[in-house]
Amino acid sequence: SSLLIAIMIPSFIVVMLWISFAAYRNAVLSEHRQHLFRLRQSWFKYAENGKVDFSSNLYQDVRATINAHIRFAEQISISHFIYMSALYKKHQDEFDLLAKQRDYFRRKQATETQIQDAEQLLKQVARRSAYYIVRKNIVIYSLLRIFEMLRPSSQEGYEKKKQETGTIIPAVVRQQFC
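The text that follows walks through the structure, step by step, so that each part is easy to find. Source: prediction; values computed, not measured. (Residues numbered from 1 in each chain as written. Predicted model: local features only at pLDDT ≥ 70, side-chain atom pairs only at ≥ 80, totals over all residues. Heavy atoms only, no water.)

### Points about helix H2 (residues 57-71)
Here's step 1: Over its 15 residues, H2 extends 20 Å from the first C-alpha to the last, a length consistent with the 21 Å expected when each residue adds 1.5 Å.
Here's step 2: All of the buried residues in H2 are Leu-58, Tyr-59, Val-62, Ile-66, Asn-67 and Ile-70. The buried residues of H2 occupy one face: seen down the axis, they fall within an arc of 160°. (Helix = DSSP H or I, 4+ residues; strand = E, 2+ residues; numbered from the N terminus. Expected span 1.5 Å × (residues − 1). Buried < 20%, exposed > 50% of the residue type's maximum accessible area, 1.4 Å probe, protein only. Arc of directions from axis to C-beta.)

As structure tokens, this is what we get:
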């Protein structure tokens, strides 16, 4: 009887942690996608207000990029990010050439202001996706939180920063990705 209890209690704890972790990841994924939907909606409103043509390459490229971030959010991980970074470094010349070709076609149809606005939006999408990767991996996110809390300079101002920003997101992450 005591052996059964000794096995059941840790098993129950492991199952509850697993369920909690799954719920956490689903909540983070949902929040991330909602943020990307808002960014996509802002791009639609940008075009709706006549600032860029719906049929332009620029509009289509930006919308497709945001849609890809939404569609593949669940599958992206730190290992994917590292792999893609290594792939980019290995084939940087080819990626740069493709970017130059895409940029050439964009510039033929779009104004400098439109391109700058699109690039600003895409930076927000990329930052948000990087932030999501960190938040999705609760171990890394927790380590960043601990690191920030242990920094001597953050001890005095931690509560003040929390009240000012209204969040518990570490400043290290907030500055880089939000």
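So that's the structure; there's more coming.
### Points about the packing of helix H1 (residues 2-48) against helix H5 (residues 112-136)
Here's step 1: Between H1 and H5, the least distance of the axes is 10 Å, while the angle of their chain directions is 175°. One finds that H1 runs roughly antiparallel with respect to H5.
Here's step 2: Looking at the contact of H1 with H5 residue by residue, the class counts come to 12 nonpolar, 7 polar and 6 charged. (Axes fitted to C-alpha atoms, helices over the stretch in contact; angles between N-to-C directions. Parallel < 35°, antiparallel > 145°, perpendicular 65-115°, else oblique. Nonpolar A, V, L, I, M, F, W, Y, C, P; charged D, E, K, R; others polar.)

### Section: the pattern of salt bridges
Here's step 1: Inspection of every chain in the model, using the stated rule, returns 3 salt bridges.
Here's step 2: Between Glu-31 and Arg-135 there is a salt bridge, with its nearest N and O atoms 2.9 Å apart. Of this pair, Glu-31 sits in helix H1 while Arg-135 is found in helix H5, placing the two residues 104 residues apart along the sequence.
Here's step 3: Taking relative accessible area as the criterion, Arg-135 reaches 14% and is therefore assigned buried. (Salt bridge = Lys/Arg side-chain N within 4 Å of Asp/Glu carboxyl O.)

### Remarks on a nonpolar patch on the surface
Here's step 1: A cluster of nonpolar side chains, Ile-5, Ile-9, Phe-12, Ile-13, Val-15, Met-16, Leu-17, Trp-18 and Ile-19, forms an exposed patch at the surface whose accessible area comes to about 930 Å².
Here's step 2: Here Ile-13 lies in helix H1.
Here's step 3: You can call Ile-13 partly exposed: its relative accessible area is 44%. (Patch = residues over 30% accessible without salt bridge, like charges linked within 9 Å, V, L, I, M, F, W, Y side chains within 5 Å. Areas by Shrake-Rupley, 256 points an atom, 1.4 Å probe, with all protein chains shown as cover.)

### Structural notes on the packing of aromatic side chains
Here's step 1: Summed over the entire model, instances satisfying the criterion amount to 4 aromatic pairs.
Here's step 2: Between Trp-43 and Tyr-46 the ring centres are 5.0 Å apart and the planes differ by 10°, which places this aromatic pair in the stacked class. Of the two residues, Trp-43 and Tyr-46 both sit in helix H1, 3 residues apart, roughly one turn of that helix. Accessibility classification places Trp-43 together with Tyr-46 in one group, the buried group.
Here's step 3: When the ring of Phe-54 is compared with that of Tyr-59, the centres are 5.1 Å apart and the planes differ by 80°; the resulting orientation is edge-to-face. (Phe/Tyr/Trp six-rings, centres within 6.5 Å; stacked < 30°, edge-to-face > 60°.)

### A look at the nonpolar core
Here's step 1: With 17 residues, the main nonpolar core has Trp-43, Val-52, Leu-58, Val-62, Ile-66 and Leu-121 as its most contacted residues.
Here's step 2: Those residues within four positions of Val-62 in sequence are excluded, and the remaining contacts are Trp-43, Ala-118, Leu-121 and Leu-122. (Core = buried A, V, L, I, M, F, W, Y, C linked by side-chain atoms within 4.5 Å. Contact = heavy atoms within 4.5 Å.)

### Focus: the packing of H2 against H5
Here's step 1: It is the contact of H2 with H5, at a shortest axis distance of 11 Å, that shows an interaxial angle of 5°. For the element pair H2 / H5, the angle class is roughly parallel. The segment H2 lies against H5, with Leu-58, Val-62, Thr-65, Ile-66 and His-69 engaging Gln-114, Ile-115, Ala-118, Leu-121, Leu-122, Val-125, Ala-126 and Ser-129.
Here's step 2: Class assignment for the residues of the contact of H2 with H5 results in 9 nonpolar, 4 polar and no charged.

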